[in-house]
Structures are given as structure tokens and as C-alpha cells.
Amino acid sequence: MTPENSSNNSLKTQLIEQVEALPLQQAIFPQSQPDIDKIIQQLEEINPNSQPLSSQNQALLSGSWQLIYASNGTVVTRQFAEIPDWTGIKIKRVYQILNCSDIGIITSNCAEIELPLLGELKIQASGMWKCEEDKKTALVSFDAFGFQATKPLNLSFDLPELKIPVIEALRNEAVWITSYLDAEIRVGRGKTGNLFLFRRE
């Protein structure tokens, strides 16, 4: 093992331990953890893949990735952070499914929400990453949003998904930078520099 690999593995071990010590609601809600941010930044500096979105990394990118840390929350979790605890409404899981194709990277951003007495709700945003020349920056747009009641009233079946398309004129593009990628974890940054840490499922 090279010194760089040893340093990389040590940082990853520290990172995962610190993230796992946090309750999920604290890890993915808007509440930055400076110690965790510092480790992520150190990993970014020794990123083993300088062009994570290149075609040679398709196998690494593709698959299901669970969001385990967000330095300033996400679009969904920032809304839920304002919901009082006594309601019992909780986010159980946030994840991203990536599939590489000839036209870009197809993405599904998903959140599973627990609703007391009613069951669970799955929210999904489907779209595309258009990769830029540096092979680490992508322009992301979403063309559909889906809502599906799963385990309604805690019964063992799912209701059909309600899918709402977004007309092309209303689609916005957001900048997304993949700043670290290996076989186990991935780091993304939004336009404002917010950190998102994913772990392969």
C-alpha cells in the first residue's frame, strides 16, 4: 500500500466514524460539522480520480448512493428541518441512483419519509447530468417529479407512483461538482460550495 492510499484510507475511516456517530437528522439537516468538513476537504485534495465523470469511471459512478452527510442540508431536508419533532414526521433515507449513458448521466434523487399512522412516502426527482469538459462539473436538470405512498397505513403494498413531468421551458440547470470519487464514497459540491457525502449502497 502506497503512503497516499494509507492516508486516504485513514481519512475515510475517520470520516465514516464521525458521520456514523451523528443521528441521521443531524447529519443531513442544515447543521454543518466543521471537523467533518475538514476531513472531506483533505480527501478532495488527494482525490484518486481527477476526472470523476469521465467515461473510464462509469462503473464507479453507476449505482445507488446513500446521502450520509450534507453540510447545509438538501432542498428536501431544509424544508423538513422546520417541522416540529412532536409531529413524528421523519426522513428515513435520502439516496441517489446514477446510470451512465451516451447522452449523459441519468439521475434519480430520492427521499423516503415516514408519516405517523399514514405509512411512508417516497419523493423522487428524475433528470440528467450534462458533463462539462473538465469531467468533474455537470449541469443538472430535472424533467419529472414522482410521489409514491409506500406501506400506506402500514400495510404491505405500495400505491402507484404519481409522476409529474416538468415542461422544458421551466427546467432549470444547476451546477454540480463531483470533487471526490472512489469505490466506496463520493463527494459532491453545489454551486455555493455545500458538501454532500454519499456512500455506495
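My aim in this report is to walk through the structure given alongside it, one point at a time. What you are looking at is a predicted structure, and each value in this text was computed from that prediction instead of being measured.

Quick look at the pairing of strand β3 (residues 104-115) now. Alignment of strand β2 (residues 90-101) against β3, held across 11 bridges, turns out to be antiparallel. When the bridges of β3 are listed, I91 appears paired with I113. A loop of two residues connects β2 with β3, the two strands running antiparallel in sequence. As defined by bridge partners, β3 adjoins strand β4 (residues 119-131) across 11 bridges and the pair is classed as antiparallel. What sits directly across from I113, in β4, is L121. Counting the residues in the hairpin turn of β3 and β4 gives three residues, including L117, whose phi is positive at 70°.

A cluster of nonpolar side chains, F145, F147, L162 and I164, forms an exposed patch at the surface whose accessible area comes to about 340 Å². Counting only elements with at least two residues in the nonpolar patch, the list comes to β5 (137-150) and β6 (162-165). Along the chain, I164 falls in strand β6.

The subject of this paragraph is the pattern of salt bridges. On inspection of all chains with the given rule, the structure shows eight salt bridges. Here E20 ties to R199 by a salt bridge, and the two come within 2.7 Å at their closest N and O atoms. Of the two residues, E20 sits in helix α1 (residues 3-20) while R199 sits in strand β9 (residues 195-200), which places them 179 residues apart along the sequence. A relative accessible area of 35% means that R199 is categorised as partly exposed. Its salt-bridge partner being E112, residue R93 comes within 2.9 Å of it at the nearest N-O pair. Taken together, the residues R93 in strand β2 and E112 in strand β3 connect sequence positions 19 residues apart.

Cut-off values and rules
- Residues numbered from 1 in each chain as written.
- Predicted model: local features only at pLDDT ≥ 70, side-chain atom pairs only at ≥ 80, totals over all residues.
- Heavy atoms only, no water.
- Pairing = 2+ DSSP bridges.
- Helix = DSSP H or I, 4+ residues; strand = E, 2+ residues; numbered from the N terminus.
- Patch = residues over 30% accessible without salt bridge, like charges linked within 9 Å, V, L, I, M, F, W, Y side chains within 5 Å.
- Areas by Shrake-Rupley, 256 points an atom, 1.4 Å probe, with all protein chains shown as cover.
- Salt bridge = Lys/Arg side-chain N within 4 Å of Asp/Glu carboxyl O.
- Buried < 20%, exposed > 50% of the residue type's maximum accessible area, 1.4 Å probe, protein only.

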